[in-house]
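One letter stands for each residue in the lines below.
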Amino acid sequence: MPPSRGAQEGLSISQLIVDTATKMGLSTSTAWHIEVCKKEDQMAIYASKQVLLCVLLLSSSLFSLSYGRSSPSFRVRAANLGGWLVTEGWTKPSLFDGIHNKDLLDGTEVHFKSVTTRKYLSAESGGGTIIVANRTVASEWETFRLWRSNATTFQFRVHDNQFIGLDTAGNGIDIVAVSTTPGSQKFQIVRRSGDPSRVRIKAPNGFYLQAKSEELVTADYKGDGGWGDDDPSVFTITTNVKLLGEFQITNGYGPEAPRVMREHWMTFILEKDFTFLASNGLNAVRIPVGWWIASDPRPPKPYVGGSLKALDRAFSWAEKYDIKVIIDLHAAPGSQNGFEHSSSRDGSQEWGKTDESIKETVAVIDFLTARYAKHPSLYAVELLNEPLSLGTPVDTLIKYYRDGYNAVRKHSSKAFVVMSNRIGAVNARELLPFARGLQRTVIDVHYYNLFWPEKFDGMTVQQNIDFINHDRSAELNQITTANGPLILVGEWVAEWQVQNATKEDYQRFAAAQLKVWERATFGWAYWSLKN
């Protein structure tokens, strides 16, 4: 999940521990230890100079660590290892710094405004016909999503998912958006030296696009003019939504991607992190992985090999420090939600639209379970993270969950099978009847006081805490049944939209959440260990 806002700078870890222990009435010897995303005992400061406060609070005195027990009496207290084997740009923004034209990655939404018509290029009717230059405001039809071939060459996808190209069935110079497949027609964005917001667009025929009029855009300009406002081949470019996921970083770096990713995998999560987790009472990790890991060491491009070795290392460290592992399939083929953390190329949600994508995903679950089924640290396999309800019918999801469950059971009768609820406006109990008929199943829910501006923006500190104590508590009660699947709060965070919150405010917010999440029958996992 992406970040929000932070709190104050420069608070020491030791002071946070002491203050929290005092506030909760605990002695410092049984304090709820706090790990702030830190370097040299300082809080990590995001590029905006606001601090991301990632608070892990737990009390080793509140539960016994009976490793290996599979009954509900063993409660997962976990940290997510987010941003490691599945890239999320906010977790480590500097990963993208070496990419040329890093503002033009796959999925970036761009707008082109003609300097002569002073109107935006637009896919007429959202796609399926010609490109025009007659819109005064940039909205959906005026948005082009980039498919990057290299640092300067792209394909453009329009609102209705067609790709723009030359009208080869006509005069060969008109620009249309009719193809539903990428094809071979690629366009080059040529930026003005010293002013990257001023561009020309070179078509596959070697000529440049020009807005001859508001209704006629053609590729027949030689591009031998200047960059003035009287040149019909000049456009100003602005960017809107940007994705910073695994596809963007690997395709963005191209040949350099293996070096960049392997260095990240070797340095972002280390053995000392498992030492820290174990010494502070955490008993599990939830590790997000992508579907391409099953093809390691030679996954399909643009992905690169090496993440499987990193996962193997994590299992070794987990065994050494008595930590259980939940493998979480965070990114499925085609993306199950269109977000960067599911490695969507351009924000599209393609997973589940074909039987083939489901079969491919089941094969990934089969691979992972077969590899780790006999490992003493494997505790659970999560079949899919956060499928978006808008593009995932519940019947499709249940069919996949049944097949995924059977794939796990083929190799393990002990590993719990975790099934994520759909995100969006859905009935939180919709999976209960299905999961109730299976053995050792878990429903995963994610609770954030974020990402819903109409609800959470403007809430005070106390209103956020009250929402946890009342609304979230009721939601958890609603899905917890005596004879149903266990419940995992698989993602939560001590972050919100409160302005100028104090350290004590954050501690109260975290403590309120932990008090409620402790009732989750399978346990909880904090998002995330590091950023």
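In this convention, every chain numbers its residues from 1, walking through the sequence in written order. In keeping with the predicted nature of the model, local features appear solely for residues at pLDDT of at least 70, side-chain atom pairs appear and are counted solely at 80 or more, and the whole-chain, interface and lining totals rest on all residues. Hydrogens and waters are ignored; side-chain quantities use all the structure's heavy atoms.

Per an unreviewed UniProt entry, the recorded name for the chain is Mannan endo-1,4-beta-mannosidase, and the organism is Escallonia rubra. UniProt positions are given in the numbering used here, feature names are shortened, and annotations may be inferred rather than shown by experiment. Taken from UniProt, the Sequence similarities (unreviewed entry) comment for the chain reads in full: "Belongs to the glycosyl hydrolase 5 (cellulase A) family."

Peer 1: Please provide a residue-by-residue account of the overall build of the chain, values included.
Peer 2: Secondary structure summary: the chain contains 11 helices and 24 strands in total. With a 1.4 Å probe rolled over the protein chains alone, any residue whose accessible area is under 20% of its type maximum counts as buried; one over 50% counts as exposed, and the rest are partly exposed. The proportion of buried residues among the 531 residues of the chain is 56%. In what follows, a contact means two residues having at least one pair of non-hydrogen atoms within 4.5 Å. Taking contacts inside the chain between residues at least 6 apart in sequence as the whole, the part at least 24 apart equals 71%. Every accessible area reported is derived by Shrake-Rupley at a probe size of 1.4 Å, with residue values counting cover from the shown protein chains alone. Of the roughly 21200 Å² that the chain leaves accessible, carbon and sulfur atoms contribute 50%. Counting from the N terminus, the helices are the DSSP runs of H or I reaching at least four residues and the strands are the DSSP runs of E reaching at least two.

Peer 1: Give me the sheet that holds strand 18 (residues 284-290): which residues, what numbers.
Peer 2: Spatial ordering of the closed barrel is given by 5-18-19-20-21-22-23-24, a layout of eight strands whose pairing is parallel. Put simply, the sheet's adjacent strands are angled 25° from each other on average, direction ignored. Being paired, for any two strands, means DSSP has found at least two bridges between them. The pairing of strand 5 (residues 76-80) with strand 24 (residues 523-526) spans four bridges and is classified as parallel. Residue pairing in the sheet places Arg-77 in a bridge with Trp-524 of strand 24. A fitted line through C-alpha atoms represents every axis, and for helices the fit uses only the stretch in contact; the resulting angles, taken between N-to-C directions, go from 0 to 180 degrees. In the packing of helix 7 (residues 394-411) onto the sheet, contacts are made with strand 19 (324-331), strand 20 (378-382), strand 21 (416-420) and strand 22 (441-446), and the angle to strand 21 comes to roughly 160°.

Peer 1: I'd love a proper account of helix 3 (residues 257-267), names of residues and values included.
Peer 2: Residues lying three or four places apart along an α-helix face the same way, a consequence of the helix completing one turn every 3.6 residues. Turning to helix 3, its buried residues are Ala-257, Val-260, Met-261, His-264 and Trp-265. The arc that holds every buried residue of helix 3, seen down its axis, measures 125°, which confines them to one face. As used here, the arc is the angular range of directions from the helix axis to the C-beta atoms.

Peer 1: Can you break down the pattern of salt bridges residue by residue, with the values?
Peer 2: Within this document, salt bridges are pairs made up of a side-chain nitrogen of Lys or Arg and a carboxyl oxygen of Asp or Glu, the two lying within 4 Å of each other. According to the stated counting rule, one finds 26 salt bridges in the structure shown. With a closest N to O distance of 2.8 Å, Arg-345 and Asp-106 form a salt bridge. Of this pair, Arg-345 sits in the loop between strand 19 and helix 6 (355-372) while Asp-106 sits in the loop between strand 5 and strand 6 (109-114), and the two are 239 residues apart along the sequence. On the basis of relative accessible area, Arg-345 is assigned to the partly exposed category, the value being 22%. By relative accessible area, Asp-106 is classed as buried at 0%. A single network of salt bridges, built from pairs that share partners, joins Arg-286, Asp-328, Glu-382, Asp-444 and Glu-491.

Peer 1: I'd like a description of the pairing of strand 16 (residues 216-221), backed by residues and values.
Peer 2: Regular strands show a simple pattern: their side chains alternate between the two faces of the sheet. Inspection of the sheet shows strand 15 (residues 208-213) paired to strand 16 by five bridges, in the antiparallel sense. Across the sheet, the residue bridging to Leu-209 is Ala-219, located in strand 16. Between strand 15 and strand 16, which pair antiparallel in sequence order, lie two residues.

Peer 1: How would you sum up the confidence of the model for the chain? Please name residues and give values.
Peer 2: Every residue gets a pLDDT, meaning the predictor's confidence in that residue, from 0 to 100. Predicted confidence across the chain gives a mean pLDDT of 88, with 86% of residues reaching 70 or more. Taken together, the stretch residues 2-18 has pLDDT below 50 and engages in 55 contacts with residues farther than four places along the chain or on a different chain. Every residue in residues 20-71 scores below 50 in pLDDT, and together they form 131 contacts with partners more than four places removed in sequence or on other chains.

Peer 1: Describe the nonpolar core, and please don't skip the residues or the numbers.
Peer 2: What we call a nonpolar core is a set of buried Ala, Val, Leu, Ile, Met, Phe, Trp, Tyr and Cys residues that are connected through their side-chain atoms within 4.5 Å. If you look at the biggest cluster of nonpolar residues, it comprises 99 residues, and the most contacted ones within it are Trp-84, Ile-287 and Tyr-400. Listed in part, the 27 residues of the second largest apolar core include Phe-112, Phe-156, Val-199 and Ile-237.

Peer 1: Before we move on, could you go through the environment of Thr-152 and cite the residues and values that matter?
Peer 2: Summarising the element assignment, Thr-152 is placed in the loop between strand 9 (144-148) and strand 10 (153-157). Judged by relative accessible area, Thr-152 falls into the partly exposed class, the value being 26%. The spatial distance from the C-alpha of Thr-152 to the C-alpha of Leu-104 is 8.4 Å, given a sequence separation of 48 residues.

Peer 1: Describe the side chain of Thr-361, listing the residues and the values that go with them.
Peer 2: Inspection of the secondary structure assignment puts Thr-361 in helix 6. For Thr-361, a relative accessible area of 0% corresponds to the buried category. In contact with Thr-361, other than residues within four places in its own chain, are Leu-329, Ala-332, Pro-333, Trp-351 and Tyr-400.

Peer 1: How would you explain the pairing of strand 24 if you had to name every residue and give the values?
Peer 2: Of the two faces of strand 24, both are covered, the one formed by Gly-523 and Ala-525 as well as the one formed by Trp-524 and Tyr-526. As paired strands, strand 23 (residues 486-491) and strand 24 are joined by two bridges and run parallel to one another. Note that in strand 24 the partner of Leu-488 across the bridge is Gly-523. Handedness of the crossover joining strand 23 and strand 24 through helix 11 (residues 503-517): right-handed. Every crossover in which the path from the first strand over the helix to the second runs clockwise, viewed with the strands pointing away from the viewer, is termed right-handed.

Peer 1: Would you mind going over the packing of helix 2 (residues 246-253) against helix 3 in detail, with residue names and values included?
Peer 2: Between two packed helices, both the angle of their axes relative to each other and the distance between the axes serve to describe the pair. For the pair helix 2 and helix 3, the least separation of the axes is 7 Å and the interaxial angle reads 135°. If you check the angle between helix 2 and helix 3, you find them oblique. Residue-level contacts link Glu-246, Ile-249, Thr-250 and Tyr-253 of helix 2 to Ala-257, Val-260, Met-261 and Trp-265 of helix 3. Amino acids are sorted into nonpolar (Ala, Val, Leu, Ile, Met, Phe, Trp, Tyr, Cys and Pro), charged (Asp, Glu, Lys and Arg) and polar (every other residue, Gly among them). Per-class residue counts for the contact of helix 2 with helix 3 are six nonpolar, one polar and one charged. Note on angle classes: values under 35 degrees are labelled roughly parallel, values over 145 roughly antiparallel, values of 65 to 115 roughly perpendicular, and the remainder oblique.

Peer 1: Tell me about the environment of Thr-153, and please be specific about residues and values.
Peer 2: Mapped onto the elements, Thr-153 comes out in strand 10. Assessed through its relative accessible area of 16%, Thr-153 is described here as buried. Distance in space between the C-alpha atoms of Thr-153 and Gln-188 is 4.3 Å, their sequence separation being 35 residues. When near neighbours in sequence (up to four residues on either side) are disregarded, Thr-153 contacts Trp-147, Arg-148, Lys-186, Phe-187 and Gln-188.

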